[in-house]
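# Architecture at a glance
For reference, the chains in residue letters:
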Amino acid sequence: MALVDTHAHLDFTDDLNGWLVRARADGVDKIICVGTSIEASRKCIEIAERYSSPDLQIYATVGIHAQDGKDDVGNAGSLLQCFKTLKQIATSSGKVVAIGECGYDFYLDGEKRIKMVDKDRQFQKKLFEAQIRLAAELDLPLVVHCRNAWKKTFSLLSTVYGLPTRTGVFHSWTGDWEAAQKAIELGFYISFSGIVTFGNAPDVQDVASRMPLDKMLLETDSPFLSPVPFRGLGNEPKNVKIIAEFVAKLRNLSVGQIEEVTSKNAQRLFGI
Ligand SMILES: [Zn+2]
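Bear in mind the structure is a predicted one, so any value in this text is a computation, not a measurement.

## Quick word on the nonpolar core
General note: in soluble globular proteins, nonpolar side chains tend to be found buried as a group. Of all hydrophobic cores here, the largest spans 73 residues; its most connected members are L10, W173 and F192. For this core, the element with the most residues is helix α6 (residues 118–138), which contributes seven residues. The residues touching F192, leaving out its near neighbours within four places in the chain, are W173, V204, V207, A208, M211, M216, L217, L218, E219 and I243. Counting 14 residues, the second-largest nonpolar core is a separate cluster that includes V34, Y59, V97 and L269.

## Let's talk about the pattern of salt bridges
Taken as a whole and judged by the stated rule, the model has twelve salt bridges. With its nearest N and O atoms 2.8 Å apart, the salt bridge here joins R22 to D15. Overall, the relative accessible area of 31% leaves R22 in the partly exposed class. A salt bridge links K43 to E39; the shortest N-O distance between them is 3.7 Å.

## Here we look at the coordination of the zinc ion
For the zinc ion, the full set of protein donor atoms is H7 (NE2), H9 (NE2), E101 (OE) and D221 (OD), at a range of 2.2 to 2.5 Å. Here the zinc ion binds four donor atoms, and the angle range of 83 to 175 degrees at the metal identifies the geometry as irregular. When the donor residues of the zinc ion are listed from N- to C-terminus, their spacing reads H-x1-H-x91-E-x119-D. With H9 in the loop between β1 (3–8) and α1 (16–25) and E101 in strand β4 (residues 96–105), this pair connects stretches of sequence that are 92 residues apart. As far as burial versus exposure is concerned, H9 and E101 are alike and both buried.

## Section: α6
Over its 21 residues, α6 extends 30 Å from the first C-alpha to the last, a length consistent with the 30 Å expected when each residue adds 1.5 Å. Positive phi appears at D139, one or two residues downstream of α6, with a value of about 55 degrees.

## Re the pairing of strand β7 (residues 189–192)
Burial of β7 is two-sided: the residues Y189 and S191 facing one way and the residues I190 and F192 facing the other way are all buried. Here strand β6 (residues 168–170) runs beside β7; their pairing, made up of two bridges, is parallel. From the neighbouring strand, F170 faces β7, where its bridge partner is I190. One crossover worth recording links β6 to the parallel β7 by way of helix α8 (residues 177–185), and it is right-handed. Handedness of the crossover joining β7 and strand β8 (residues 216–218) through helix α9 (residues 202–210) is recorded here as right-handed.

## Details of the sheet that holds β6
Strand order across the open sheet formed by eight strands is β1-β2-β3-β4-β5-β6-β7-β8, with parallel pairing between neighbours. Either end of the sheet is taken by a strand with one partner, and the two such strands are β1 and β8. Ignoring which end each strand starts from, the neighbouring axes of this sheet average 30 degrees apart. Across three bridges, the pairing between β7 and β8 is parallel. Its bridge partner being in β8, I190 is matched across the sheet by M216. Strands in contact with helix α11 (residues 255–270) are β1, β2 (28–33), β4, β5 (142–147), β6, β7 and β8; relative to β8, the strand with the most contacts, it is inclined by about 100 degrees.

## Brief notes about α11
Since there are 3.6 residues in each turn of an α-helix, residues three or four apart along the chain are aligned in direction. Relative to the 22 Å expected for 16 residues at 1.5 Å per residue, α11 spans 22 Å between its end C-alpha atoms, a close match to the ideal helical length. Turning to α11, its buried residues are I258, E259, V261, T262, S263, N265, A266, L269 and F270.

## Here we look at the UniProt feature "binding site: a divalent metal cation 1" (unreviewed entry) in the protein
With numbering matched to this structure, UniProt assigns "binding site: a divalent metal cation 1" (unreviewed entry) to H7, H9, E101 and D221. For the annotated residues, spread through 215 residues, the largest C-alpha to C-alpha distance comes to 11.1 Å, consistent with a single compact locus. Among the polar contacts listed, one links the side chain of E101 to the side chain of H7, at a separation of 3.1 Å. Note on D221: relative accessible area 8%, which makes it buried. Residue contacts for D221: discarding those within four places in its chain leaves D5, H7, H9 and H171.

## Some words on the environment of S263
Within the secondary structure, S263 sits in helix α11. Separated by 257 residues in the primary sequence, S263 and T6 have C-alpha atoms spaced 9.2 Å apart. Engagement of the side chain of S263 in a polar contact is seen with the backbone oxygen of E259, the distance being 2.8 Å.

Calculation notes
- Here, residues in each chain are numbered from 1, in the same order as that chain's written sequence.
- Since the coordinates come from a predicted model, pLDDT governs what is reported: local features require at least 70, and pairs of side-chain atoms require 80 or more to be given and counted, while whole-chain, interface and lining totals use all residues.
- Only hydrogens and water are set aside; all other atoms, that is, all heavy atoms of the structure, feed into the side-chain values.
- Here, nonpolar core refers to any group of buried Ala, Val, Leu, Ile, Met, Phe, Trp, Tyr and Cys residues whose side-chain atoms link them within 4.5 Å.
- Using a 1.4 Å probe on the protein chains alone, a residue whose accessible area is under 20% of its type maximum counts as buried, one over 50% counts as exposed, and one in between counts as partly exposed.
- Helical segments are the DSSP runs of H or I of at least four residues, strand segments are the runs of E of at least two, and each set is numbered from the N terminus.
- In what follows, a contact means two residues having at least one pair of non-hydrogen atoms within 4.5 Å.
- Basic side-chain nitrogens of Lys or Arg form a salt bridge, by our definition, when they fall within 4 Å of a carboxyl oxygen of Asp or Glu.
- Donors, by definition, are the N, O and S atoms found within 2.8 Å of a metal, the threshold being 3.2 Å for Na, K and Ca, and water is not counted, so a site can look incomplete.
- Here a site with four donors is tetrahedral if all angles are between 85 and 135 degrees, and a site with four or six donors is square planar or octahedral if opposite donors are over 155 degrees apart and the other angles are between 65 and 115; anything else gets the irregular label.
- Take the residue count of a helix, subtract one, and multiply by 1.5 Å to get its expected span.
- Two strands pair if DSSP finds at least two bridges between them.
- Viewed with both strands pointing away, a crossover whose connecting path from the first strand over the helix to the second turns clockwise is right-handed.
- To get an axis, a line is fitted to the C-alpha atoms, and for a helix only the part in contact is used. The angle between two axes follows their N-to-C directions and goes from 0 to 180 degrees.
- UniProt positions are given in the numbering used here, feature names are shortened, and annotations may be inferred rather than shown by experiment.
- Polar contacts, as used here, are pairs of N or O atoms within 3.5 Å; protein pairs need one atom able to donate a hydrogen and one able to accept it. Residues neighboring in sequence count only if both atoms are side-chain atoms.

Following this line, the structure appears as structure tokens:
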């Protein structure tokens, strides 16, 4: 069994070949390259089509991150036009396996203590809602990014907007057990990044140690969020193995068992 890195930004590196060679050597056989803007989504598809090999398949997602939305919508002229383009891109290649990453990012609120104006929150909501609808329309799972916005995220996902039939994943999980139960209730998967290895993330470790294994995914979010002992340094897909080893210890299971169950989950959710 091999590992799947379900969330990496392969378009952010100048050393793509190095990343892929080292990922293969460390037993990664699938990587999902996650789009964060119109331009990034196009690049992710191009990378998936050009760099997949028999022993390392690359897939792509198409989406607009909360923090990148203003540029994309501005350039398109309107939200409607922007989403016409996004839909075109999403249906342009068989390599596309999900919509996102999308969601609320209230980073400025919590960490820099700058009050986010209501207008910005409303814009993030529109952008998120449009991607939930697009995922449902195309019958693709949704890759959800959620920072400091659990209540708003759950309420939007569970309202009439129409959940994608294949639900999706909360990527790079940062919430506590209560939030995890809600996510699982909604049918979503929970994906752990290097954050689970951090000494200051007991809530995340708690979720990883008790959640149902059939809803667990692993990711690196490369080039961000390097796991311990590489915290603060550049991250790359091969490090998904470190995350698997860490979670295996938490669960008192072998790395092979974690690899097997998380790879099967990724195959089921993304159809890969
Ligand atoms: Zn990401």
